[in-house]
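# Working through the structure, step by step
Here is how the chains run, residue by residue.
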Amino acid sequence: MTHRELELQLDAYVDGELAPEDARELEAHLSACGDCARLHEARVALSAAIREQVPALHAPDALRQRVRATLRDAAGTTRVRWGLPAVATRWLALAASLATVAVGGWRLGVSRADEDALAGQVLASHVRSLMPGHLTDVVSSDQHTVKPWFNGKLDFSPPVYDFAGRGFPLVGGRLDYVGGRPVAALVYGRRQHLINVFLWPATRGSVGGGPRVATQQGYHLLQWTSPEYAYWIVSDLGLAELRGFAQLLQQADSTVAGPAAARPLP
Amino acid sequence: MEPSELERFEAIVLPHLDAAYTLARYLTRNDHDAQDIVQDAYLRALKYFGGFRGQGSAGDGRAWLLAIVRNTAHTWRRRHRGDALTTEFDEKVHSDAVAEANPATVLDGDSARETLYQALDRLGPEFREVIVLRELEGLSYKEIGDVTGVPIGTVMSRLARARRRLQETLRNREEGE
């Protein structure tokens, strides 16, 4: 075997792509020829250096979400289908004869068509936020950075919490526009998933009960109204975990609002 | 498309998102472009998914997807030739990725890594892609041939040339210091 022949086959040998008999011949030559053995060592070292220094990369989470959203879009969308909240379902079961009882208490003055339109806007905003550079205007896991950022940008100061200890770290916030008004959008993370929380001051009387759930294009949307704010949250996170997150938000809201509301008037 | 069909597609093709991003990223050397290319490639893949199943090689979604990513990147390069040539090498993002991959190597590995990146960068795209497909994606010569659309003999000679050039660049660099 000549050096020239060896060089032609060396890479295939290093890559384990050489036929066994050729490999045996090449090995015999390597053991007898110092120059070629050094050439072989250099090739092996180069491969090792590339693998060590030039890593395979992880796709950014935002790209993962964006690809999913695009695929679902392309595969055909489905209309929003509202499921009944668990509370309402139980209520209906108990009071089946009272057909006039509203399905939950949540239709106060808001028509189904309005709700669907809002759901569409919230979902579109969520998907848009996953495109590169659209997720946050203020990037911080510190609630005391994110909350003041909204000062002067909105006519309300949205409650911002840090649930990092519960596995939902704050990612940041941004201004968004939903239902014909500027709203606060807060972004929380959960493993590789992102959760958008949209909120704005509630306009009508408070509505209790669990959140309403809709699923569209593989995303879950939860909507409820606290005494102060109308909430929409949307994510591709599993429904159970998203409900857990909604519960955290509701608890935090009630803890903050609770003592003030309970304080007796002077 | 039926929801079950989309689920099948996602189950076969989505797990290779990291591989797709890695290839696009090293071909374009730009995060933003790589993301656009990957998204575009997935849309194309969805469109041609029927043809892929026809081949009956369901286990090999990765090479199939990478071929689409590679072709998308090349189409993109032709369309944005001016941009592609002036795109700066994004050292910071690469470095961050390395830091995540192996924090222990960061301190003493910096200059070696930089040298390797520059050497890779100087390779023509047809040589850089075989290095990425072989060393980072771990594809066989046959798969690399399928992805790049050339015979196995050409894969072999391109890899040999690419490695020889990398070694020459690294050696010159060492001697220059």
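Residues numbered from 1 in each chain as written. Chains lettered and ligands numbered in written order. Predicted model: local features only at pLDDT ≥ 70, side-chain atom pairs only at ≥ 80, totals over all residues.

## Here's the deal with the overall build of chain A
Scanning chain A from terminus to terminus reveals 8 helices and 8 strands. Long-range pairs, those at least 24 residues apart, make up 58% of the contacts in chain A with a sequence separation of at least 6. (Helix = DSSP H or I, 4+ residues; strand = E, 2+ residues; numbered from the N terminus. Contact = placed C-beta atoms within 7 Å.)

## Notes on the packing of helix α5 (residues 61–79) of chain B against helix α10 (residues 141–148) of chain B
In a packed pair of helices, the relevant descriptors are the angle between the two axes and the axis-to-axis distance. All names here are of chain B. Packing of α5 against α10 brings their axes to within 8 Å, and their N-to-C directions diverge by 40°. Classified by the angle their axes make, α5 and α10 are oblique. The interaxial crossing formed by α5 with α10 has right-handed handedness. From α5, Ala63, Leu66, Ala67 and Arg70 reach across to α10, where they touch Glu143, Asp146, Val147 and Thr148. The residue makeup of the contact of α5 with α10, split by class, is 4 nonpolar, 1 polar and 3 charged. (Axes fitted to C-alpha atoms, helices over the stretch in contact; angles between N-to-C directions. Parallel < 35°, antiparallel > 145°, perpendicular 65-115°, else oblique. Left-handed = near helix turned anticlockwise from the far one by under 90°. Nonpolar A, V, L, I, M, F, W, Y, C, P; charged D, E, K, R; others polar.)

## Describing the interface of chain A and chain B
Of the residues lining the interface, 31 residues belong to chain A; the matching set on chain B comes to 35 residues. Contributing elements (two or more residues each) for the side of chain A that touches chain B: α1 (3–14), α3 (34–53) and α4 (61–74) of chain A. In terms of residues, the side of chain A that touches chain B owes the most to one element, α3(A), which gives 9 residues. Residues belonging to the side of chain A that touches chain B are distributed by class as follows: 17 nonpolar, 5 polar and 9 charged.

## Here we look at the packing of helix α9 (residues 125–136) of chain B against α10(B)
All names here are of chain B. Orientation of α9 relative to α10, taken along the N-to-C sense of each, is 135°, at an axis distance of 10 Å. Our classification of the angle between α9 and α10 gives oblique. Our pair here, α9 against α10, has a crossing hand that is right-handed. For the pair formed by α9 and α10, the contact residues are Glu129, Val130, Leu133 and Arg134 on the first element and Ile144, Val147 and Thr148 on the second. Residue classes in the contact of α9 with α10 are distributed as 4 nonpolar, 1 polar and 2 charged.

## What to know about the pairing of strand β8 (residues 229–235) of chain A
Residues and elements named next belong to chain A. The buried count for β8 comes to 7 of 7 residues, which makes it a mostly enclosed element. In β8, alternate side chains face the same way, and those of Tyr229, Tyr231, Ile233 and Ser235 on one face and Ala230, Trp232 and Val234 on the other are all buried. Pairing of strand β5 (residues 193–201) with β8, which is carried by 7 bridges, proceeds in the antiparallel orientation. Within β8, the position partnered with Val197 by the bridge is Ile233. For strand β7 (residues 219–225) and β8, the ladder comprises 6 bridges, and the chain directions are antiparallel. When the bridges of β8 are listed, Leu221 appears paired with Val234. Hairpin connection, β7 to β8: the antiparallel pair is bridged by 3 residues. (Buried ≥ 20, exposed ≤ 12 C-beta atoms within 10 Å, placed from the backbone. Pairing = 2+ DSSP bridges.)

## A closer look at the confidence of the model for chain B
Residue and element names in this part refer to chain B. Summarising the model, chain B shows a mean pLDDT of 79, and 78% of its residues fall at 70 or more. Of all secondary-structure elements in chain B, the lowest mean pLDDT belongs to helix α7 (residues 91–101), at 40, while helix α2 (residues 17–28) reaches the highest, 94. With pLDDT under 50 throughout, residues 83–108 is counted as low confidence; its partners more than four residues away or in other chains account for 19 contacts. For this predicted complex, the interface confidence reaches an ipTM of 0.78, while the overall pTM sits at 0.55. (pLDDT = per-residue confidence, 0-100.)

## A short note on the nonpolar core
For soluble globular proteins, nonpolar side chains are generally found buried alongside one another. One finds Ala20(B), Leu23(B), Ala24(B), Val38(B) and Val69(B) to be the most contacted residues of the largest nonpolar core, which totals 49 residues. When residues in this core are grouped by element, the largest group, 8 residues, is from α5(B). Setting aside residues up to four positions removed in sequence, Val69(B) forms contacts with Ala20(B), Leu23(B), Ala24(B), Ile37(B), Val38(B) and Ala41(B). Among the nonpolar cores identified, the runner-up in size contains 42 residues, and Phe168(A), Val183(A), Leu186(A) and Leu194(A) belong to it. (Core = buried A, V, L, I, M, F, W, Y, C linked by C-beta atoms within 7 Å.)

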